[in-house]
Amino acid sequence: MTRNPPSNPPASHVIGLPMEGGAQIEAMFAADPKARFELHWHAEWSMGAILEGRCEFTCAGERQVAQAGDIVLMAPFMLHTAGVSAQGFRMVMLYVPHAWASRRLAWPPGLRGTLRQGVWRDEVMAGELASAAQAQDGAQVGRLLEEILRAQADGELVPVERHMGDARVEAVCEALATEDACRIDPAGLAQRLGVSREHFHRLFRLAVGMTPAHYARLARIGRARALLREGHAAAEVAAQCGFTDQAHFSRWFRRCFGVTPGNYMAGRERTERRA
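Think of each chain on its own: its residues are numbered from 1, step by step along the sequence as written. The model is predicted, so local features are restricted to residues of pLDDT at least 70 and side-chain atom pairs to those at 80 or more, both for listing and for counting; the totals for chains, interfaces and linings are taken over all residues. Excluding hydrogens and water, the side-chain figures rest on all heavy atoms present in the structure.

*Asks:* It is not clear to me how the pairing of strand E8 (residues 80-84) should be interpreted in this structure. Could you clarify?
*Replies:* Both faces of the sheet carry side chains from a regular strand, because those side chains alternate between them. Partly exposed describes any residue whose relative accessible area lies between the buried limit of under 20% and the exposed limit of over 50%, with all areas from a 1.4 Å probe on protein chains only and scaled to the type maximum. Runs of H or I in DSSP of at least four residues are treated as helices and runs of E of at least two as strands, each being numbered from the N terminus. Counting buried residues in E8 gives four out of five residues, a clear majority hidden from the surface. As paired elements, strand E3 (residues 36-40) and E8 share three bridges and run antiparallel to each other. Within the sheet, the bridge partner assigned to His-40 lies in E8 and is His-80. Note: two strands are recorded as paired if DSSP finds a minimum of 2 bridges between them. Of the pairings in the sheet, the one linking strand E5 (residues 54-59) to E8 comprises five bridges and is antiparallel in character. Within E8, the residue paired with Thr-58 across the bridge is Thr-81.

Right under this line is the structure:
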């Protein structure tokens with residue numbers, strides 16, 4: 001069922017968009033020319049359109065440029081950064097659970113298609129995707145997303161999850177993703193592996209592409225996002241996920257997701273009221 005877009009939303013905001021079979025994706029509408037996204041990842045597919053201006057970013061270590069009329073596609077767990085044009089800027093980015101994509105493309109469990117292109121020009125598709133998302137037309141958004149995936153991510157199958165190539169690093173990453181990871185001391189992790197702190201940092205950075213502290217912060221941010229979805233208050237989430245205060249939590253959340261925790265929750269609440 002098509003719904004009217006929310007009235008007077010903030011310049012950058014996130015909404016939940018119901019899809020078939022009870023699935024839900026998130027749509028971020030960004031219009032902040034000062035936005036800068038730190039190195040991070042999403043557990044979902046990131047699929048969107050640049051509507052105005054220009055976005056320069058790195059993805060999986062490669063520099064990319066996307067501008068108005070371009071479609072952007074990133075697979076789950078791809079490390080990326082982004083900075084946008086200093087003048088006018090608008091984009092819509094959809095965060096699509098892999099389970100939804102896997103059902104639509106009949107991928108085996110734990111596997112996904114290889115990306116052919118991360119950025120390509122299709123002004124018609126970009127406009128249609130933005131219009132469908134703004135109208136909260138889940139059926140049309142689903143059709144367009146499936147078309148994008150079939151065109152650009154339906155080649156050789158590869159694992160969805162990143163593999164670090166070192167069982168010790170895999171174990172550390174698993175520990176950092178647990179509920180108490182924010183209180184794990186890097187020196188303690190190095191000691192657990194039987195190596196010096198300096199060697200541990202080199203080993204981890206080589207395998208993961210970032211420091212253990214940065215990885216732990218991103219793991220906490222991802223957990224915080226899940227808690228906000230469940231309806232927990234931002235102050236409670238900040239404390240539970242180990243941030244020094246709510247302002248610290250808000251800064252890092254915005255650097256990864258483009259909006260503050262308050263705007264994130266408000267956008268989802270508006271969507272739920274209209275459902």
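*Asks:* Quick question: what am I supposed to make of the side chain of Arg-112 here?
*Replies:* As for its position among the elements, Arg-112 is in strand E10 (residues 111-113). The charge count includes Lys and Arg as positive and Asp and Glu as negative, but it does not include His or the ends of the chains. Every case where a carboxyl oxygen of Asp or Glu lies within 4 Å of a side-chain nitrogen of Lys or Arg is listed as a salt bridge. Put simply, Arg-112 is tucked away with no salt bridge, and the nearest opposite charge, on Glu-161, sits 9.9 Å away. Note on definitions: a residue-residue contact is assigned when non-hydrogen atoms from the two residues lie within 4.5 Å. Setting aside residues no more than four positions away along its own chain, Arg-112 makes contact with Trp-45, Ala-75, Pro-76, Met-78, His-98, Trp-107, Glu-156, Leu-157, Val-158, Pro-159 and Val-160.

*Asks:* I would appreciate a short explanation of the sheet that holds strand E7 (residues 70-74) in the present structure.
*Replies:* Strand pairing in a sheet relies on backbone hydrogen bonds. The paired strands run either parallel or antiparallel. Pairing in this open sheet of six strands is antiparallel, and the strands run E1-E2-E9-E4-E7-E11 from one edge to the other. Each edge of the open sheet carries a strand with a single partner, namely strand E1 (13-18) and strand E11 (119-121). Taken pair by pair, the neighbouring strands of this sheet meet at an average axis angle of 20 degrees, ignoring direction. Two strands pair when backbone bridges link them, and strand E4 (residues 45-52) and E7 are joined in this way by four bridges, in the antiparallel orientation. Residue pairing across strands places Ala-49 opposite Ile-71, the latter belonging to E7. Each axis is a line fitted through C-alpha atoms, taken for helices only over the stretch in contact, and angles between the N-to-C directions span 0 to 180 degrees.

*Asks:* What is the right way to read the nonpolar core from this model?
*Replies:* To qualify as a nonpolar core, a set must consist of buried Ala, Val, Leu, Ile, Met, Phe, Trp, Tyr and Cys residues joined through side-chain atoms within 4.5 Å. With 90 residues, the main nonpolar core has Trp-45, Leu-145, Leu-149 and Phe-249 as its most contacted residues. With seven residues, the single largest contributor to this core is helix H7 (residues 212-229). Excluding anything up to four places from it in sequence, Leu-145 contacts Met-19, Ile-25, Met-47, Leu-94, Val-96, Trp-100 and Leu-129.

*Asks:* Is there a simple way to think about the packing of aromatic side chains in this case?
*Replies:* For any pair of aromatic rings, the description consists of the separation of the ring centres together with the inter-plane angle of the planes. Here a Phe, Tyr or Trp ring, Trp counted by its six-membered ring, pairs with any other such ring whose centre lies within 6.5 Å, and the pair is stacked when the planes are under 30 degrees apart, edge-to-face when over 60, and tilted otherwise. Inspection of every chain in the model, using the stated rule, returns eight aromatic pairs. Ring geometry for Phe-204 and Tyr-215: centres 5.7 Å apart, planes at 80 degrees, overall edge-to-face. Within this pair, whereas Phe-204 is found in helix H6 (residues 197-208), its partner Tyr-215 is found in helix H7, the two being separated by 11 residues in sequence. A relative accessible area of 1% places Phe-204 in the buried class. The class of Tyr-215 is buried, set by a relative accessible area of 7%.

*Asks:* What should I look at first to understand the layout of surface pockets in this one?
*Replies:* Estimated volume of the largest pocket: approximately 350 Å³. Here the term cavity refers to a set of points on a 1 Å grid, laid over the protein atoms alone, in which a 1.4 Å probe fits but cannot get out; the term pocket refers to an open set having protein on both sides within 12 Å along at least five of seven lines, with lining residues being those that place an atom within 4 Å of a point. The wall of the largest pocket is formed by 19 residues, among which Trp-41, Ala-43, Leu-218, Gly-222 and Arg-223 lie closest to the centre. Elements with a minimum of two residues in the lining of the largest pocket: H7 and helix H9 (246-257). Looking at the lining of the largest pocket, the element that brings in the most residues is H7, giving nine residues. For the lining of the largest pocket, a count of residues per class yields 11 nonpolar, three polar and five charged. Grid points are joined across faces, edges and corners, and a volume is the space filled by probe spheres set on the points. Under this grouping Gly is polar, as are all residues other than the nonpolar Ala, Val, Leu, Ile, Met, Phe, Trp, Tyr, Cys and Pro and the charged Asp, Glu, Lys and Arg.

*Asks:* Honestly, unusual backbone geometry in this entry has me stumped. Any pointers?
*Replies:* Backbone geometry follows two general trends: most residues other than glycine have a negative phi, and most peptide bonds adopt the trans configuration. Despite not being glycine, Phe-77 has its phi angle at roughly 70 degrees, a positive value. Assignment of secondary structure puts Phe-77 in the loop between E7 and E8. Even without a glycine there, the phi angle at Ala-106 is positive, about 55 degrees. The residue Ala-106 is located in the loop between helix H1 (98-105) and E10 in this model.

*Asks:* Explain the sheet that holds E5 here, please?
*Replies:* Strand order across the open sheet formed by four strands is E3-E8-E5-E6, with antiparallel pairing between neighbours. Whereas interior strands pair on both sides, the edge strands pair on one side only; in this sheet they are E3 and strand E6 (62-67). Averaged over all neighbouring strand pairs, the angle between strand axes comes to 15 degrees, with direction disregarded.

*Asks:* How should the environment of Gln-67 be read in this particular structure?
*Replies:* Position of Gln-67 among the secondary structure elements: in strand E6. Through-space distance from the C-alpha of Gln-67 to that of Ser-85 is 9.2 Å; in sequence the pair is 18 residues apart. Excluding its chain neighbours within four sequence positions, the residues that come into contact with Gln-67 are Ile-50, Gly-53, Arg-54 and Arg-121.

*Asks:* Quick question: what am I supposed to make of the pairing of strand E2 (residues 24-30) here?
*Replies:* With six of seven residues buried, E2 lies mostly within the body of the structure. What sits between E1 and E2 in their antiparallel hairpin is a turn of five residues, with Gly-21 showing a positive phi close to 70 degrees. With five bridges connecting them, E2 and strand E9 (residues 90-96) associate as antiparallel partners. Opposite Glu-26, over in E9, you have Tyr-95 as the bridge partner.

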